[in-house]
Amino acid sequence: MEVKLAGYNIDSNIIEKVRATESLKGLPLTPETVAVAYARISRDSSPVTELRKKSLEDVEAARKSAKSIVFEMNHQSVAEHAVFNFDILDISRLCIESLEWHRLCSYTEKSQRYQELVGDYVFPKEFEGEARPLFERTMKDQNDLYTKAFKVLLDYFKGKYPQMLEKKWDRRVVEGYAKEDARYAVSLATKAQLGFTANARNLEYLIRCMRGNPLEEVKTLGEKFFELAGGVAPSLILLTDPAEYMKEFGRPLNDDFFIKTHPNASRLASETMERHGGISREGDEVKLIGWNGQGDRAILQAILHSHTLASAEACNEAAEKLIRDGEAEGFIREYLAYSNPWESATREYEFADFTFEVILSSACYGQMKRHRMSSQLVQEYDPGLGFTYPPSVIDTGLQKEFGENYRQSSEAYYELSKYNRAAAQYVLTNGHRRRMLIRANARELHHISRLREDAHAQWDVRMVSGDMLSLAREKCPLSLMLAWGKDRFPEMKKELLGS
Ligand SMILES: Cc1cc2nc3c(=O)[nH]c(=O)nc-3n(C[C@H](O)[C@H](O)[C@H](O)COP(=O)(O)OP(=O)(O)OC[C@H]3O[C@@H](n4cnc5c(N)ncnc54)[C@H](O)[C@@H]3O)c2cc1C
């Protein structure tokens, strides 16, 4: 066996230094050479190390190959071998939502739980002109409330947890509680920053989506990605042009293409809604709306299948027998004997899945959207769904002011919707809500539970994930017996398994 380190992502400051060095001028500083060398592996029997040398020696030929392999032969996965990192500063939370919609990438962003906000926000181009004063006034009112609430909440939490004021780390945690609750006052226009990593395949797809997004800020971000990555790897960032897209796929590059290009279906959808009583905003905040019948049996079947040579049918019969004879629980207990809170549940747990409808705050969505191994669909934010109040806001008597802030922000939203509905969402706060459909299998539910039902998790997402898990546990008690937050895991394991 021979393994060579063929490349890795290095800081662009170093790359710039190399570019500026006279003796190194002309070096092909692009990830395309690696991607093309790997693409050529499929048909060229030369050692891959030679293929990499060949790409380096003739970058133009490599680019030509990339174009034909990726776009003409549709072998797009080779573009995944080129990886980019981006520092993204001064971006709104709303814009981040469009970016993080893309699951096969990596993100780390400024936390509003751990950092105090300073009132900075992105002003959306959509509201230049007469709408500007309303937007700016709303931002000011929200930020004033944040400043006031932060002080009140800090005193409240200091009073509540006096024992935590002695050590620096614990004091920070107490400050974090105040930050994470005060932030329910501020909007989706609030500035953030993040580190973002994507391979060329995802980046190209993401740029294409961003160019068709209704928000100017998202379009601009897409353009910046295109300029920066397209400049370095032009052969891998190609199919991002709206006109080309229309030609290729016969539909516009636009998020709301359903309404624009399917007028009959979209009319039928609205008429059917009307017949069913229009938009109802009542009901539980977390509903389990679907699951695959016998999840425990499906997981038992999968475990038996991957550890024997029996057919799926035979494994199913055996799983049913284990359940009928009351032996399934003992079987699963033994199967879980070596599990720990840091390792994921095994792949067999992917064979039972659950669909939830959740009404959740923007603060909570910001966390839930990071669970990439699930299927999520969201509606726009809807002030008609009510608002989320942090318990501390209620305890400190700030609820009236938060309620007024939520209502004023909603009014600003309706007013700004007259100019641009998608962009009007910028003024909505972390306490405004939306509906989400989330489908997750039992393996991902274990993960969500470990991270989000845990004591370190923020209360809003802890409540939502707790509700999701208790609904799922009713349907799949055996398989989810150890799906608990990291903190409760040892105690639950001891209770269930004895040691
Ligand atoms: C207490 C707490 C504090 C947090 N603070 C911050 C913060 O300050 N800033 C911030 O940006 N985020 C923060 N997060 C979010 C966190 O970084 C994760 O994005 C989020 O919890 C989702 O976890 P995940 O990526 O493991 O889950 P998923 O995306 O659902 O992935 C599930 C599992 O699949 C695997 N996986 C998925 N994608 C990849 C991949 N591309 N490469 C390798 N493996 C992959 C991993 O095993 C992963 O655990 C915080 C989370 C918690 C619980």
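Worth saying up front: this structure is predicted, and the values here are computed from it rather than measured.

A.B. asks: Looking at this structure, I do not really get the sheet that holds strand E2 (residues 106-109). What am I missing?
C.D. replies: Sheets are built from strands that pair by backbone hydrogen bonding, the pairs being arranged parallel or antiparallel. Strand order in the open sheet formed by three strands is E1-E3-E2, with antiparallel pairing between adjacent strands. Of all strands in the sheet, those bounded by a partner on one side alone are strand E1 (83-92) and E2. Between one strand and the next, the sheet's axes are offset by a mean angle of 20 degrees, whatever the strand orientation. Inspection of the sheet shows E1 paired to strand E3 (residues 191-199) by eight bridges, in the antiparallel sense. Looking across to E3, one finds that Asn85 is bridged to Thr197. The sheet contacts of helix H5 (residues 93-100) involve E1, E2 and E3, and relative to E1 the element is tilted by about 155 degrees. Lying on the sheet, helix H8 (residues 200-211) is in contact with E1 and E3; it crosses E3 at an angle near 130 degrees.

A.B. asks: Explain the domain arrangement of the protein here, please?
C.D. replies: When the parts of a complex come together, some accessible area is lost, and that lost area is often used as the size of the interface. Entries for the protein in the domain assignment read domain 1 (12-81) and domain 2 (293-348). Distance from the C-alpha centre of domain 1 to the C-alpha centre of domain 2: 46 Å.

A.B. asks: I would appreciate a short explanation of the site of the ligand in the present structure.
C.D. replies: The ligand sits among 16 residues. The nearest are Ser111, Arg370, His371, Arg372 and Leu451. At the level of secondary structure, the elements contributing two or more residues to the shell around the ligand comprise E2 and helix H20 (442-452). Broken down by element, the residue count for the shell around the ligand peaks at four residues, all from E2. Taken together, the residues of the shell around the ligand break down into five nonpolar, seven polar and four charged.

A.B. asks: Teacher, can you tell me more about the environment of Pro490 here?
C.D. replies: Examined against the element boundaries, Pro490 turns out to sit in helix H22 (residues 489-497). C-beta crowding within 10 Å serves as the criterion here: with 12 such atoms nearby, Pro490 is assigned to the exposed category. It is 7.9 Å that separates the C-alpha atoms of Pro490 and Pro341, two residues lying 149 residues apart in sequence.

A.B. asks: Mind showing me how you'd approach the packing of helix H2 (residues 32-41) against helix H4 (residues 59-72) here?
C.D. replies: Angle between the axes and distance between the axes: these two values describe a pair of packed helices. Remark: H2 packs on H4, axes separated minimally by 9 Å, with the N-to-C direction vectors making an angle of 60 degrees. The angle between H2 and H4 falls in the class oblique. Along this stretch, H2 crosses H4, giving a crossing that reads as left-handed. Where H2 approaches H4, its residues Glu32, Thr33, Ala35, Val36, Ala39 and Arg40 are matched on the opposing element by Val59, Ala62, Arg63, Ser65, Ala66 and Ile69. For the contact of H2 with H4, a count of residues per class yields seven nonpolar, two polar and three charged.

A.B. asks: I keep staring at the nonpolar core and nothing clicks. Help me out?
C.D. replies: A general trend in soluble globular proteins is that nonpolar side chains are found buried together. By size, the foremost hydrophobic cluster in this structure holds 61 residues, and its most contacted members are Ala185, Ile299, Ala442, Leu445 and Val464. If we skip the residues at most four places from it in the chain, Ile299 touches Glu348, Tyr349, Phe351, Ala352, Ala442 and Ser479. Counting 52 residues, the second largest nonpolar core, distinct from the first, contains Ile96, Ala198, Ile207 and Leu215.

A.B. asks: I keep staring at helix H14 (residues 312-324) and nothing clicks. Help me out?
C.D. replies: Since the α-helix advances by 3.6 residues per turn, residues separated by three or four positions end up pointing in the same direction. In this model H14 runs 18 Å from its N-terminal to its C-terminal C-alpha over 13 residues, within 8% of the 18 Å that 1.5 Å per residue would give. Among the residues of H14, those classed as buried are Cys315, Ala319 and Leu322. Looking straight down H14, one finds its buried side chains confined to an arc of 60 degrees; they lie on one side. Seen from the buried face of H14, the exposed residues on the opposite side, beyond 90 degrees, are Glu313, Lys321 and Arg324. Contacts made by the buried residues of H14 are with helix H13 (295-307) and helix H15 (328-335). Immediately beyond the C-terminal end of H14, within one or two residues, lies Gly326, with a positive phi of roughly 70 degrees.

Reading guide: rules and limits
- Residues numbered from 1 in each chain as written.
- Predicted model: local features only at pLDDT ≥ 70, side-chain atom pairs only at ≥ 80, totals over all residues.
- Pairing = 2+ DSSP bridges.
- Helix = DSSP H or I, 4+ residues; strand = E, 2+ residues; numbered from the N terminus.
- Axes fitted to C-alpha atoms, helices over the stretch in contact; angles between N-to-C directions.
- Contact = placed C-beta atoms within 7 Å.
- Domains from an automatic or database assignment.
- Near = placed C-beta within 6 Å.
- Nonpolar A, V, L, I, M, F, W, Y, C, P; charged D, E, K, R; others polar.
- Buried ≥ 20, exposed ≤ 12 C-beta atoms within 10 Å, placed from the backbone.
- Parallel < 35°, antiparallel > 145°, perpendicular 65-115°, else oblique.
- Left-handed = near helix turned anticlockwise from the far one by under 90°.
- Core = buried A, V, L, I, M, F, W, Y, C linked by C-beta atoms within 7 Å.
- Expected span 1.5 Å × (residues − 1).
- Arc of directions from axis to C-beta.

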